[in-house]
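If you want the building blocks of each chain, they are given just below.
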Amino acid sequence: MPFIELESLEKVFTVRVRGNAGLFRREKREVRAVDGISFAVERGEMVGYIGPNGAGKSTTIKMLTGILTPSGGRLRVAGIDPARERTRLAQRIGVVFGQRTTLWWDLPLKDSYRLMHRMYRIPDARFRENLDRCVELLELGELLDVPVRQLSLGQRMRGDIAAALLHDPEVLYLDEPTIGLDVVSKARVREFLRDLNTSRGTTVLLTTHDLTDIEQLCSRVMVIDRGRLMYDGELSGLHAVGESERLLMVDLERELPPITDVPGARFVRSEGPRQWLAFPATTSAAPLVAAVAAKYPLLDLSVREPDIEAVIAKMYGGTREERRESLR
Amino acid sequence: MAETTRVGADSAGIHEVDSGAIHEMDSGGIQEVDSGAVHRNERRSYGPLADSWRTYRLVAGMWIRSTMAYRASFALTLVTSFCVTFFDFVVILLMFGQVKGLGGFGFAEVALLYGTAGTSFGIADLTMGSLQRMGKRVRDGSLDTFLMRPAPLLAQVAADKFALRRFGRVAQGLLVLVWALLLLDVEWTPLKVLLLPVTVVSGTVIFAAVMVLGASTLFWMQDAAEVTNSFTYGGNTLLQYPPTIFAQELVRGVVYVVPLAFVSWLPALYVLGRPAPAGVPEWAAFVSPLVAAVCCGAAGLAWRAGIRSYRSTGS
């Protein structure tokens, strides 16, 4: 039996909007935040759950944790119906919301952990061991006595991740865990998650805007848009489906005519000695770079990954603007 | 294995589940896949009430510890809280300096009404007062984090930022109550002696239930906290005076609509040997515990409905 199982899951919100009818008359309108999503995740998988803003990612996660009650469909996590038995499920899952802390804002980090120790009924030895491990790997040692509100975003995020893992959850949900973090913090968080998945076999479901998170961590990716599951498979497959392109920026020694004679690359634009070339995300950059370097005086280069918005937009042939129009 | 335990989903958790069944399901489901690498926290559930009480103690205890880190500051706020509520009673003292009676009630009699209502409200406010702030949590979605924890929501919210300084109000109520009992010239019967503590406890529960009921409405209307306050704080002020000084419509309202009269008026009037207001029969003085139980049931249902309709926020 899969560990997480969703069957045509739905969440419909009724929103009231001020209509044209008058100052006090408000129209009711249905918003289908999650519109019939089905998928299954096996124990030990590490899955990326991506999609543009407002696609329904957070709503799905909140239903998986039991915070929100689904409007329709069937949902099981570890055989438990989350909304019905929220507190029982809570023992077995860990949640990290990038935008929100689960820690007690006014208390030192240490006190929050102590409270979780008791609240989750974690055996003492186990708690010690897990805390020590998190403190070491996430470098929390000097932060334990600091009230949460005084922590920086990156520090708080690490504190939150540790808090979500003290009770050995079988599955960890991460909602934008690297949002707003600097490069070093991002790398540290990713390494920790990878290690968690391999050494403990923890199932990880991760929503993110950062494709690099997915590339470095997840073998499987699910794309959701407008409440529907649009893609479920490997990341490379997503690029193939989306015909997404990476961008190679090259700095030449001097201003030269557009590079059009390198196979597999498409000239995009130039700015003095700097030129941008697009190439399919599914192919390697190395031969391309070699080909350019062989023909042109190359000084420097960088490769930009396609962002998720662009991939999805291309995948389904609609830009954000068109999508907004269709929502009207 | 055959006995049934209540496994709480919420504070007012309803699911009656066979503990044996859960046990088997859990261990079977986990061991099969885990090969022992992941340990399971053995969850013993003693029912939603015991779980709530445990959670409340944990959270409140932590807040008390963190307040006690600044002892002087705490002592000061406690004294302030006591003084503020005490001056409230000084108003009544001053009033009796000018008049002999209030609606036919002497000073000691009013003090009894004041003491019973004040103590009940004080304890309810001390333990449940934090519920008032829940509207903000619903609006900004920070209630999410409470819902993710393996503990009853009501206990977590009620114990959040537990403020021991509110004990000042309880102390004042008790002081006035003791004072009233010393001054009162009443023929004490065993029934009356028994009725007094029962009244204070039932009154506390009724006030607490009204607070929970009010907090439940915050799931739908986040800014309605003031409406609840008018019933709790307002009700407290109302009950501190004899029913004879109020319009009969108002008195009927607190007997039959919002049953606040059962908090202290009806039992206290029986103790004083005075007729109950609004045509209520004499035995009504003894049904406070029953009213408290009904209020709890209603509050529990409203709270559960509230959680189910919680919408969280966009991200």
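From a predicted model like this one, the values you see are computed outputs, not experimental measurements.

K.L.:
Before we go on, may I ask you to explain the overall build of chain B in this structure?
P.N.:
Along the backbone of chain B there are 13 helices and two strands. Per-residue burial for chain B yields a buried fraction of 40% across its 315 residues. Residue pairs in contact within chain B that sit at least 24 positions apart in sequence constitute 81% of those at least 6 positions apart.

K.L.:
Would you explain the overall build of chain A in this entry?
P.N.:
Within chain A one finds 11 helices and 13 strands. Going through the 328 residues of chain A one by one, you find that 42% of them count as buried. Considering only residue pairs separated by 6 or more positions, chain A has 68% of its internal contacts joining residues 24 or more positions apart.

K.L.:
Please explain the confidence of the model for chain B as it appears in this structure.
P.N.:
The predicted coordinates of low-pLDDT regions are not to be read in fine detail. With 84% of its residues at a pLDDT of 70 or more, chain B shows a mean pLDDT of 78. Among the prediction metrics, the complex's ipTM stands at 0.72, with pTM recorded as 0.75.

K.L.:
Teacher, can you tell me more about the interface of chain B and chain A here?
P.N.:
Put simply, an interface is often sized by how much accessible area is lost when its parts join up. If you look at the interface, chain B gives 28 residues, while chain A gives 36 residues. Looking at the side of chain B that touches chain A element by element, the count peaks at four residues for helix H2 (residues 48–68) of chain B. In the side of chain B that touches chain A, the residues fall into 13 nonpolar, 10 polar and five charged.

K.L.:
Would you explain H2 of chain B in this entry?
P.N.:
Working note: α-helix, 3.6 residues per turn, so residues spaced by three or four point in the same direction. All names here are of chain B. For H2, spanning 21 residues, the distance from its first C-alpha to its last is 30 Å, which sits close to the expected 30 Å at 1.5 Å a residue. For H2, the complete set of buried residues consists of Pro-48, Asp-51, Ser-52, Thr-55, Tyr-56, Val-59, Ala-60 and Trp-63. Relative to the axis of H2, the buried residues are bounded by an arc of 140 degrees and lie together on one face. Across from the buried face of H2, at angles greater than 90 degrees, the exposed residues are Arg-65 and Met-68.

K.L.:
Can you walk me through the sheet that holds strand E5 (residues 93–97) of chain A in this structure?
P.N.:
Strands belonging to one sheet form pairs held by backbone hydrogen bonds; the direction of such a pair is parallel or antiparallel. Residue and element names in this part refer to chain A. The mixed open sheet is built from six strands, whose spatial order is E5-E6-E7-E3-E8-E9. Lying at the two open borders of the sheet, with one neighbouring strand each, are E5 and strand E9 (228–233). Strand-to-strand twist across the sheet, computed as the mean angle between neighbouring axes with direction ignored, equals 15 degrees. Pairing geometry for strand E8 (residues 220–225) and E9, over five bridges, is antiparallel. Looking at E9, one finds that Val-221 is bridged to Gly-233. Packing of helix H1 (residues 57–65) onto the sheet brings it into contact with strand E3 (46–50), E5, strand E6 (171–175), strand E7 (203–208) and E8, and relative to E6 it is tilted by some 150 degrees.

K.L.:
What am I meant to see in the sheet that holds strand E12 (residues 274–280) of chain A here?
P.N.:
Residue and element names in this part refer to chain A. Taken in spatial order, the four strands make up an open sheet running E11-E12-E10-E13, and their pairing is antiparallel. On the outer flanks of this sheet lie strand E11 (266–271) and strand E13 (298–304), each paired with one strand and no other. Within this sheet the neighbouring strands show an average axis-to-axis angle of 20 degrees, counted without direction. Pairing of strand E10 (residues 245–252) with E13, which is carried by six bridges, proceeds in the antiparallel orientation. Its bridge partner lying in E13, Asp-251 is registered against Asp-300. Lying over the sheet, helix H9 (residues 286–295) contacts E10, E12 and E13, oriented at roughly 155 degrees with respect to E13.

K.L.:
Sorry if this is basic, but what is going on with unusual backbone geometry here?
P.N.:
Residues and elements named next belong to chain A. One non-glycine residue, Ala-78, lies in positive phi territory at about 55 degrees. As for its placement among the helices and strands, Ala-78 is situated in the loop between strand E4 (72–77) and helix H2 (86–90). Residue Arg-121 is not a glycine yet carries a positive backbone phi of 50 degrees. Relative to the helices and strands, Arg-121 resides in the loop between helix H3 (109–119) and helix H4 (124–137). Of the residues examined, Arg-121 has 15 C-beta atoms within 10 Å and is grouped as partly exposed.

K.L.:
Sorry if this is basic, but what is going on with the environment of Glu-187 of chain B here?
P.N.:
Residues and elements named next belong to chain B. Note on placement: Glu-187 falls in the loop between helix H8 (167–183) and helix H9 (190–217). Using a count of 7 C-beta atoms within 10 Å as the deciding quantity, one classes Glu-187 as exposed. Considering only alpha carbons, one finds Glu-187 and Thr-217, 30 residues apart in sequence, at a separation of 44 Å.

K.L.:
How should the packing of H9 of chain B against helix H10 (residues 225–239) of chain B be read in this particular structure?
P.N.:
Between two packed helices, what matters for the description is the angle formed by their axes and the separation of those axes. All names here are of chain B. Taken N-terminus to C-terminus, the directions of H9 and H10 make an angle of 170 degrees; their axes are 9 Å apart at the nearest point. Classified by the angle their axes make, H9 and H10 are roughly antiparallel. Every residue of H10 that contacts H9 at Phe-207, Val-210, Met-211 and Gly-214 is listed here: Val-227, Thr-228, Phe-231 and Thr-232. Here the contact of H9 with H10 is built from residues that sort into five nonpolar, three polar and no charged.

K.L.:
Looking at this structure, I do not really get the packing of H3 of chain A against H2 of chain B. What am I missing?
P.N.:
For the pair H3 of chain A and H2 of chain B, the least separation of the axes is 10 Å and the interaxial angle reads 160 degrees. What the angle tells us is that H3 of chain A and H2 of chain B run roughly antiparallel. Two packed elements cross with a definite hand, and for H3 of chain A against H2 of chain B that hand is right-handed. Residue-level contacts link Asp-111, Leu-115, Arg-118 and Met-119 of chain A of H3 of chain A to Thr-55, Leu-58, Met-62 and Ser-66 of chain B of H2 of chain B. Among the residues forming the contact of H3 of chain A with H2 of chain B, the class breakdown is four nonpolar, two polar and two charged.

K.L.:
Hey, could you run me through the confidence of the model for chain A in this one?
P.N.:
Residue and element names in this part refer to chain A. Looking at chain A, the pLDDT average stands at 83 and 88% of residues meet or exceed 70. The lowest-confidence element of chain A is helix H11 (residues 320–327), averaging 46 in pLDDT; the highest-confidence one is E4, averaging 91. Counting contacts from residues 319–328, a segment whose pLDDT is below 50, to residues more than four positions away or on other chains yields three contacts.

K.L.:
Honestly, the pairing of E8 of chain A in this entry has me stumped. Any pointers?
P.N.:
Moving residue by residue along a regular strand, the side chains alternate between the two faces of the sheet. All names here are of chain A. With respect to burial, E8 is a largely interior element, five of its six residues being buried. As judged from the four bridges shared by E3 and E8, these two strands associate in the parallel manner. From the neighbouring strand, Ile-50 faces E8, where its bridge partner is Val-223. In sequence, E8 turns back onto E9 through a hairpin of two residues, with Arg-226 there showing a positive phi of about 45 degrees.

K.L.:
Looking at this structure, how should I read the nonpolar core?
P.N.:
Looking at soluble globular proteins, one finds that nonpolar side chains tend to be buried together. Of all hydrophobic cores here, the largest spans 144 residues; its most connected members are Leu-166 and Tyr-173 of chain A together with Ile-206, Ala-209, Met-211, Val-212 and Leu-266 of chain B. It is helix H4 (residues 107–128) of chain B that contributes the most residues to this core, 12 residues altogether. Not counting residues up to four positions away in its chain, the partners in contact with Ile-206 of chain B are Pro-259, Leu-260, Phe-262, Val-263, Val-291, Ala-292 and Cys-295 of chain B. Within the second largest apolar cluster, nine residues are counted, among which are Leu-248, Ala-265, Leu-288 and Val-292 of chain A.

What counts and how
- Residues numbered from 1 in each chain as written.
- Chains lettered and ligands numbered in written order.
- Predicted model: local features only at pLDDT ≥ 70, side-chain atom pairs only at ≥ 80, totals over all residues.
- Helix = DSSP H or I, 4+ residues; strand = E, 2+ residues; numbered from the N terminus.
- Buried ≥ 20, exposed ≤ 12 C-beta atoms within 10 Å, placed from the backbone.
- Contact = placed C-beta atoms within 7 Å.
- pLDDT = per-residue confidence, 0-100.
- Nonpolar A, V, L, I, M, F, W, Y, C, P; charged D, E, K, R; others polar.
- Expected span 1.5 Å × (residues − 1).
- Arc of directions from axis to C-beta.
- Pairing = 2+ DSSP bridges.
- Axes fitted to C-alpha atoms, helices over the stretch in contact; angles between N-to-C directions.
- Parallel < 35°, antiparallel > 145°, perpendicular 65-115°, else oblique.
- Left-handed = near helix turned anticlockwise from the far one by under 90°.
- Core = buried A, V, L, I, M, F, W, Y, C linked by C-beta atoms within 7 Å.

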